[in-house]
There are 2 protein chains.
Amino acid sequence: KLNKQNSYSNRGMTLEEDLNETNLYYRTHNIAVIHKKPIPIQIVNVDYPSRSAAVIKEAYFRQASTTDYNGVWNGKYIDFEAKETRSNSSFPLSNFHEHQIEHMKSVVQQGGITFVILRFATTDEIFLLEGKILFFYWERMMNGGRKSIKKDEIIQNGHQIPYGLHPRIDYIKKIQELNLL
Amino acid sequence: KLNKQNSYSNRGMTLEEDLNETNLYYRTHNIAVIHKKPIPIQIVNVDYPSRSAAVIKEAYFRQASTTDYNGVWNGKYIDFEAKETRSNSSFPLSNFHEHQIEHMKSVVQQGGITFVILRFATTDEIFLLEGKILFFYWERMMNGGRKSIKKDEIIQNGHQIPYGLHPRIDYIKKIQELNLL
Ligand SMILES: [Mg+2]
Ligand SMILES: [Mg+2]
């Protein structure tokens, strides 16, 4: 039943590419203004050759302190993280960092909408999981429970998003249906 | 009269440092969740030495397609840019890019709050200028008018923010006073 939804399947695009295309669609059609944040980098050494652009010669990837995507839709603040797994049976919580969860909790406290977009890569299924549900499973882990969310739990408590052509992953439509705020 | 406001003057901190400190204060006190976005970088070459962190060996600065800061306050989406000038008489509009203005207009269209924080470096004065006011002067330039906003116009149509100790630049208080939405 779930596999029926993959009529426009991923065809080798990454989740990030699909979401960037989706966000571009939203911006172009004045539906929402949501961007992926740049990757945080620690710059150590920059070269300034005369007459040409500055070249970063040494830099390091830093751990993100927030989520990957944010913006505004219909007067509401939107903030989410996107993650993929190759597992078929569960989604490992090691994909998230403590400070990302803390950030998402702060967003909820300020009246923003936060969620995660989860992709099961081998079956090419996409789910939206609301922040409060993610927090529940995170707490379960913190209290000594399992370090992942079972796929059954995601099917039960999350919301599958079928692939589309334009936009490819219509998460705003899902948020609208769910009336999250 | 304006100079009286500088009782806690900048003491050599940059506008970015002051705003980062302000945002940290807001997050710590659960007032707002606002971050500076990472600098956009085009990564060309990365080295992966065994047993140590990946090193970016060649990368370039890209032009930002949005503004520097965004987040959520009190259920509202906040989006702004911060700029400094050494001029005493006006604020050059060359500090902004067309796509930043377009981004800010889209934010307004989606019901978000957008503005710029302007600093006159030599007198250490800070002003908040609402998006709609910035758009007005941008259009004036586009229609062949002056390429800057006169300081008198900023005093008239903007809102000075006095330096504080904690937070250093309390722009949320100003937004609250102005009741921007
Ligand atoms: Mg991520
Ligand atoms: Mg900037």
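Residues numbered from 1 in each chain as written. Chains lettered and ligands numbered in written order. Predicted model: local features only at pLDDT ≥ 70, side-chain atom pairs only at ≥ 80, totals over all residues. Heavy atoms only, no water.

Peer 1: Give me the overall build of chain A: which residues, what numbers.
Peer 2: When helices and strands are counted, chain A shows five helices and ten strands. With respect to the principal axes defined by its C-alpha atoms, chain A has extents near 60 × 40 × 35 Å. When contacts within chain A are restricted to residue pairs at least 6 apart in sequence, those whose partners lie at least 24 apart make up 65%. Taken as a whole, chain A presents about 8800 Å² of accessible surface, with 48% of it coming from carbon and sulfur. Between the mean site of the 23 positive side-chain charges and the mean site of the 20 negative ones, chain A shows a separation of 3 Å. (Helix = DSSP H or I, 4+ residues; strand = E, 2+ residues; numbered from the N terminus. Contact = heavy atoms within 4.5 Å. Areas by Shrake-Rupley, 256 points an atom, 1.4 Å probe, with all protein chains shown as cover. Lys, Arg positive; Asp, Glu negative; His and termini not counted. Charge placed at Lys NZ, Arg CZ, Asp CG, Glu CD.)

Peer 1: Please give an account of the relation of the copies chain A and chain B that cites residues and values.
Peer 2: Superposing chain A onto chain B takes a rotation of 180° combined with a translation of 0.0 Å along the rotation axis, leaving an RMSD of 0.0 Å. One copy is carried onto the other by what is essentially a two-fold rotation axis. Of the residues that chain A buries at the interface, 100% are likewise interface residues in chain B, meaning the two copies contact each other through the same surface. (Least-squares fit on C-alpha atoms with pLDDT ≥ 70 in both.)

Peer 1: Explain the interface of chain A and chain B to me, using residue names and the numbers behind them.
Peer 2: Interface size, as often reported, equals the accessible area lost upon joining of the parts. Contact residues are listed per partner, giving 36 residues for chain A and 36 residues for chain B. Between chain A and chain B the total buried area reaches about 2800 Å² when both faces are included, carbon and sulfur atoms providing 65% of it. Looking only at chain A, the three residues that lose the most surface to chain B are A:Pro38, A:Ile56 and A:Gln110, adding up to 23% of its buried area. On inspection of chain A and its partner chain B, the count reaches zero salt bridges. The interface formed by chain A and chain B holds eleven residue pairs in polar contact (both at pLDDT 80 or more) in total. Of all the secondary-structure elements, those providing two or more residues to the side of chain A that touches chain B are β1 (33-36), β2 (41-47), β3 (55-61), β4 (69-73) and α2 (98-109) of chain A. The leading source of residues in the side of chain A that touches chain B is β3(A), at seven residues. (Buried area = accessible area lost by both parts, 1.4 Å probe. Salt bridge = Lys/Arg side-chain N within 4 Å of Asp/Glu carboxyl O. Polar contact = N/O pair within 3.5 Å; in protein donor to acceptor, adjacent residues only side chain to side chain.)

Peer 1: So, the UniProt feature "site: Transition state stabilizer" (unreviewed entry) in chain A: which residues are in play, and what are the values?
Peer 2: Residues and elements named next belong to chain A. The positions UniProt marks with the feature "site: Transition state stabilizer" (unreviewed entry) are Lys 83. Structurally, the position occupied by Lys 83 is in strand β5 (residues 76-85). Residue Lys 83 is classed as buried on the basis of its relative accessible area of 14%. If we skip the residues at most four places from it in the chain, Lys 83 touches Leu 15, Phe 91, Asn 95, Phe 96, Gln 100, Ile 117, Leu 118 and Arg 119. For Lys 83, the side chain forms a polar contact with the main-chain oxygen of Asn 95, separated by 2.8 Å. (UniProt positions renumbered as here; feature names shortened; annotations may be inferred. Buried < 20%, exposed > 50% of the residue type's maximum accessible area, 1.4 Å probe, protein only.)

Peer 1: Summarise the coordination of the magnesium ion (ligand 2); cite the residues concerned and give the values.
Peer 2: All names here are of chain B. Within the protein, Asp 68 (OD) and Glu 81 (OE) serve as the donor atoms for the magnesium ion (ligand 2), at 2.1 to 2.3 Å. On the criterion of sequence distance, the pair formed by Asp 68 in the loop between β3 (55-61) and β4 (69-73) and Glu 81 in strand β5 (residues 76-85) is long-range, its members being 13 residues apart. Per residue, the accessibility class of Asp 68 equals that of Glu 81, and both read buried. (Donors = N, O, S within 2.8 Å, 3.2 Å for Na, K, Ca; no water.)

Peer 1: Go over the coordination of the magnesium ion (ligand 1) with me, naming the residues and quoting the values.
Peer 2: For the magnesium ion (ligand 1), every protein donor is listed as A:Asp68 (OD) and A:Glu81 (OE), and the spread of their distances is 2.1 to 2.2 Å. Accessibility expressed as a relative area gives 2% for A:Glu81, which makes it buried.

Peer 1: Tell me about the pairing of β5(B), and please be specific about residues and values.
Peer 2: In summary, the side chains of a regular strand alternate between the two faces of the sheet. Residue and element names in this part refer to chain B. Most of β5 is tucked away: eight of the ten residues are buried. Pairing geometry for β4 and β5, over five bridges, is antiparallel. Within β5, the position partnered with Tyr 69 by the bridge is Phe 80. Connecting the antiparallel pair β4 and β5 is a turn made up of two residues, with Asn 74 showing a positive phi of about 55°. Examined bridge by bridge, β5 and strand β7 (residues 113-120) share eight bridges and lie parallel to one another. From the neighbouring strand, Glu 84 faces β7, where its bridge partner is Arg 119. (Pairing = 2+ DSSP bridges.)

Peer 1: Go over the sheet that holds strand β10 (residues 159-160) of chain A with me, naming the residues and quoting the values.
Peer 2: Each strand in a sheet pairs with its neighbour through backbone hydrogen bonds, running either in the same direction (parallel) or in the opposite one (antiparallel). All names here are of chain A. The mixed open sheet is built from six strands, whose spatial order is β1-β4-β5-β7-β8-β10. A strand with exactly one partner marks an edge of an open sheet, and here the two such strands are β1 and β10. Contacts between α2 and the sheet are confined to β5 and β7 (113-120), with β7 contributing the most and set at about 140° to the helix. (Axes fitted to C-alpha atoms, helices over the stretch in contact; angles between N-to-C directions.)

Peer 1: Can you break down the UniProt feature "binding site: Mg(2+)" (unreviewed entry) in chain A residue by residue, with the values?
Peer 2: All names here are of chain A. Per the UniProt annotation, the sites labelled "binding site: Mg(2+)" (unreviewed entry) are Thr 66, Asp 68, Glu 81 and Gln 100. These residues run over 35 residues, yet every pair of their C-alpha atoms falls within 9.6 Å of each other. In contact with Glu 81, not counting residues within four places along its chain, are Thr 66, Thr 67, Asp 68, Phe 96, Gln 100, Phe 115, Val 116 and Ile 117. Those residues in contact with Gln 100 that lie beyond four places of it in its chain are Ala 64, Thr 66, Glu 81, Lys 83 and Asn 95.

Peer 1: Please provide a residue-by-residue account of the confidence of the model for chain A, values included.
Peer 2: On average, residues of chain A carry a pLDDT of 92, and 92% of them reach 70 or more. Taken together, the chains of this predicted complex give a pTM of 0.90 and an interface ipTM of 0.89. (pLDDT = per-residue confidence, 0-100.)

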